[in-house]
Amino acid sequence: MDAAPIPPATLVIFGATGDLTRRLLIPAIINLTRSGLVGDDLKILGVGIEPGDDASLVARLDSFLATLSEPIRPETDDAWRRLRQRVSYISGDFTQDAIFLEIKKHLTSCNAAFYFAVPPQFFGPLVEKLHAHGLTTEADGCFRRIAIEKPFGTDLASARALNAHILSNISENQVYRLDHFLGKETVQNILTARFANMMIESLWNNNYIDHVQISAAEIVDVGTRGKFYDATGALRDMIPNHLFQLLAMIAMEAPNGFGAEAIRTEKSKALSALRIYTPEEAVSHAVRGAYKAGTLDGRDITAFRETKDVSPDSNTETYVALKLYVDTWRWAGVPFYLRTGKALKARDTEVVITFKQVPFAQFRKTDVNRLLPANKMVIQVQPDEGLSVEISIKSPGLSVDTVPVSLDFRYADEFDIGKMTGYESLLYDLFIGDQTLFQRADGIEAGWAAVQPFLDMWAKSSETPEAYAPGSSGPSCADELIRRDGREWHQLGEAPHNQGPKLLKKYPPN
Ligand code: BG6
């Protein structure tokens, strides 16, 4: 079924002069315009603290869009040429009433979405002001929604307080808490892979699955984000949000339907089944590291602790690995190993499902007198999105021997999906009122509850994170975490696309 165009609306962006707006929001709206889903009745009202007017915001966007690898220019791009005529800007202080009176004057459409592309300390106060000025009141069939970027809280208490603050002003069905991982095609595909394929879902439990690994490895270092990152660290930055979204989709039960509430209920249930560790258990189920100075892909990498705006005695981690359990009937006894880090050897976001080994080697009188490798399913989130399954087959020859091969699906081999930002589906859903890809309050709080024991442990610890070399797979303590269970991490960057052309084994041999 073709997607319907969005209804007439105004997108009010708080933080309109910032990086998120120009890098992701505007290009995503341009893509939606190109595909006919956004028409001339979408208006964009930028709001920011920086002085300026409509023309200066458009000029800023023009000059940024022209620098993209596939430049967007009004002279040649019809979608942007049309859209930029509907961009306006108000400058002012979000904490003062005057700006909200101005916004009210500009709201010519009854539907409005308020996008908070601003630092988190503004989230609560902004909702309060919008509400106080009647801007969030939904009357006469109009919608008024808010979209909130991460970080949503910095721990369980602050996430609860923020939810309570927001929900004392507006209702849950007006709140769109974004996690940009949910805009990624392969992440959305997890549910389809599971619930549209009997041969996958019927094996999806502790009878057949040995363990799950969820990794988000990045090559990039902290760069210019020292201040934010030193106060945040890898755990807060990636685990309760991005990695838990992947975990929830892997671990959830089949929803009653594919509506937003049914799916969000199952995701929240999965997250609230994450085992909450005691302080002693937290110590033995988590490790962390911070990268030292070195080189990566020919670039000099400054040690994290020497990065601008990072304290030289910082105790913040740039790598974290956890061993978690989802305490449900389906997942009892199946460990979920999670890891994420910066300045690593490869950009690789993936979920690896390792199945149990066959109960014994059938081929005793043959060359196969070893344990057969377990089947694996690799859901490659990025780069080179796809899904592959590793199985054993008989290698050609007179004796019965086995060899592992990969059944491999790559999105790029089958579809031309063009260059998307990942925000298209999120913005589209915001306008059509589909909350499936947005996080509900209970899910967010369940995620923070599961990481709180680690936050508490490291807040008290004087131990510094283990140093690891840029370009490595992370600190050795992460290998120990999984090895002591007799398991190994899936090698980073080992997706089939990274392995180059295959050398065919000749048969029969000379
Ligand atoms: C952001 C984090 O939310 O996600 C960043 O703050 C991280 O530190 C980024 O680099 C990763 O997202 P992606 O889409 O590049 O994998």
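Residues numbered from 1 in each chain as written. Predicted model: local features only at pLDDT ≥ 70, side-chain atom pairs only at ≥ 80, totals over all residues. Heavy atoms only, no water.

An unreviewed UniProt entry lists the protein chain under the name Glucose-6-phosphate 1-dehydrogenase, with Rhizobium grahamii CCGE 502 as the source organism. Checking UniProt for the protein chain, the heading Sequence similarities (unreviewed entry) contains the comment "Belongs to the glucose-6-phosphate dehydrogenase family." Of the comments in the UniProt record for the protein chain, the one headed Pathway (unreviewed entry) reads "Carbohydrate degradation; pentose phosphate pathway; D-ribulose 5-phosphate from D-glucose 6-phosphate (oxidative stage): step 1/3." (UniProt positions renumbered as here; feature names shortened; annotations may be inferred.)

## As for helix α1 (residues 19-34)
Its 16 residues give α1 an end-to-end C-alpha distance of 22 Å, which sits within 8% of 22 Å, the value for a rise of 1.5 Å per residue. The largest bend along α1 reaches roughly 30° and is located at Leu 25, with the proline Pro 27 sitting one to four residues downstream. Among the 16 residues of α1, twelve are classified as buried, and the element is accordingly described as predominantly covered. By the burial criterion, the buried members of α1 are Leu 20, Thr 21, Leu 24, Leu 25, Ile 26, Pro 27, Ala 28, Ile 29, Ile 30, Asn 31, Leu 32 and Thr 33. Those residues of α1 that are buried lie in contact with β1 (9-14), β2 (42-48), α2 (54-65), α3 (78-84), β4 (112-116) and α13 (424-432). Taken from the residues just after α1, Gly 36 is the one with a positive phi, measuring 80°. (Helix = DSSP H or I, 4+ residues; strand = E, 2+ residues; numbered from the N terminus. Expected span 1.5 Å × (residues − 1). Bend = angle between axes of the 7 residues up to and from the residue. Buried < 20%, exposed > 50% of the residue type's maximum accessible area, 1.4 Å probe, protein only. Contact = heavy atoms within 4.5 Å.)

## Observations concerning the pairing of strand β11 (residues 319-325)
Counting buried positions along β11 yields seven of seven residues, so the element is predominantly enclosed. Burial of the side chains of β11 extends over both faces: Tyr 319, Ala 321, Lys 323 and Tyr 325 are buried on one face and Val 320, Leu 322 and Leu 324 on the other. The pairing of strand β8 (residues 286-291) with β11 spans four bridges and is antiparallel. Counted as the bridge partner of Val 287 is Ala 321 from β11. Relative to strand β12 (residues 335-341), β11 is paired through seven bridges, and the arrangement is antiparallel. Bridge assignment links Tyr 325 to a residue of β12, and that residue is Pro 335. (Pairing = 2+ DSSP bridges.)

## A look at the site of the ligand
Neighbouring the ligand are Lys 150, His 180, Phe 181, Lys 184, Glu 218, Arg 225, Asp 237, Met 238, His 242, Lys 342 and Gln 382. Contact between the ligand and Arg 225: an oxygen atom at 2.7 Å from a side-chain N or O atom of the residue. His 242 is positioned with one of its side-chain polar atoms (N or O) 2.7 Å from an oxygen atom of the ligand. Across the complex, the protein chains shield 79% of the 400 Å² of accessible surface that the ligand would expose by itself. With three residues, helix α9 (residues 226-251) is the largest single contributor of residues to the shell around the ligand. (Near = heavy atom within 4 Å. Polar contact = N/O pair within 3.5 Å; in protein donor to acceptor, adjacent residues only side chain to side chain. Areas by Shrake-Rupley, 256 points an atom, 1.4 Å probe, with all protein chains shown as cover.)

## A word on the sheet that holds β11
Here nine strands make up an open sheet; going across it, the order is β16-β15-β14-β13-β7-β12-β11-β8-β17 and the pairing mixed. Sheet topology places β16 (402-410) and β17 (466-468) at the edges, where each strand pairs with a single neighbour. Taking each pair of neighbouring strands and ignoring which way they run, the sheet shows an average axis angle of 20°. Seen against the sheet, helix α7 (residues 185-195) touches β14 (376-382) and β15 (386-394) and runs at an angle of roughly 145° to β14. Running at roughly 55° to β8, helix α14 (residues 441-460) makes contact with β8 and β11 of the sheet. (Axes fitted to C-alpha atoms, helices over the stretch in contact; angles between N-to-C directions.)

## A few points about the sheet that holds strand β5 (residues 144-148)
Read across the sheet, six strands follow the order β3-β2-β1-β4-β5-β6 without closing on themselves; strand pairing throughout is parallel. Unpaired on one side and paired on the other, β3 (87-91) and β6 (175-177) mark the two borders of the sheet. Along the sheet, successive strands turn relative to each other by an average axial angle of 20°, direction set aside. Note: β2 against β3, five bridges, orientation parallel. The partner of Leu 45 across the bridge, within β3, is Ser 88. Contacts between α2 and the sheet are confined to β2 and β3, with β3 contributing the most and set at about 115° to the helix.

## Brief notes about the packing of aromatic side chains
Inspection of the entire model under this criterion finds 17 aromatic pairs. Here Phe 14 and Phe 100 contribute two aromatic rings whose centre-to-centre distance is 6.3 Å and whose plane-to-plane angle is 35°, an arrangement assigned as tilted. Of this pair, Phe 14 sits in strand β1 while Phe 100 sits in helix α4 (residues 97-106), and the two are 86 residues apart along the sequence. Each member of the pair, Phe 14 together with Phe 100, is buried. Consider the rings of Phe 94 and Phe 122, whose centres lie 5.5 Å apart with planes at 85°: the pair is edge-to-face. Taken together, the residues Phe 94 in the loop between β3 and α4 and Phe 122 in the loop between β4 and α5 (123-132) connect sequence positions 28 residues apart. Look at Phe 122 and you get partly exposed, because its relative accessible area is 25%. Each member of the aromatic cluster is reached from another via a ring pair, and the members are Phe 14, Phe 94, Phe 100, Phe 116, Phe 122 and Phe 123. Sitting above the plane of the Phe 143 ring, Arg 145 keeps its charged end 3.7 Å from the centroid. Positioned over the ring face of Phe 181 is Lys 184, at 4.9 Å from the centre of the ring. (Phe/Tyr/Trp six-rings, centres within 6.5 Å; stacked < 30°, edge-to-face > 60°. Lys NZ or Arg CZ within 6 Å of the ring centre and 35° of its normal.)

## Describing the UniProt feature "active site" (unreviewed entry) in the protein chain
The feature "active site" (unreviewed entry), as annotated in UniProt, sits at His 242 in this numbering. The residue His 242 is located in helix α9 in this model. Excluding residues that lie within four positions of it along the chain, His 242 makes contacts with Lys 150, Asp 179, His 180, Phe 181 and Asp 237.

## Regarding the packing of helix α6 (residues 156-167) against α14
Closest axis-to-axis distance for the α6/α14 pair is 8 Å, and the angle between their directions is 165°. Comparing the axis directions of α6 and α14 gives the class roughly antiparallel. Of the two elements, α6 crosses α14, and the hand of that crossing is left-handed. Of α14, the residues touching α6 (which contributes Leu 156, Ala 159, Arg 160, Asn 163 and Leu 167) are Ala 441, Ile 444, Glu 445, Trp 448, Ala 449 and Gln 452. Here the residues of the contact of α6 with α14 are counted per class, giving seven nonpolar, two polar and two charged. (Parallel < 35°, antiparallel > 145°, perpendicular 65-115°, else oblique. Left-handed = near helix turned anticlockwise from the far one by under 90°. Nonpolar A, V, L, I, M, F, W, Y, C, P; charged D, E, K, R; others polar.)

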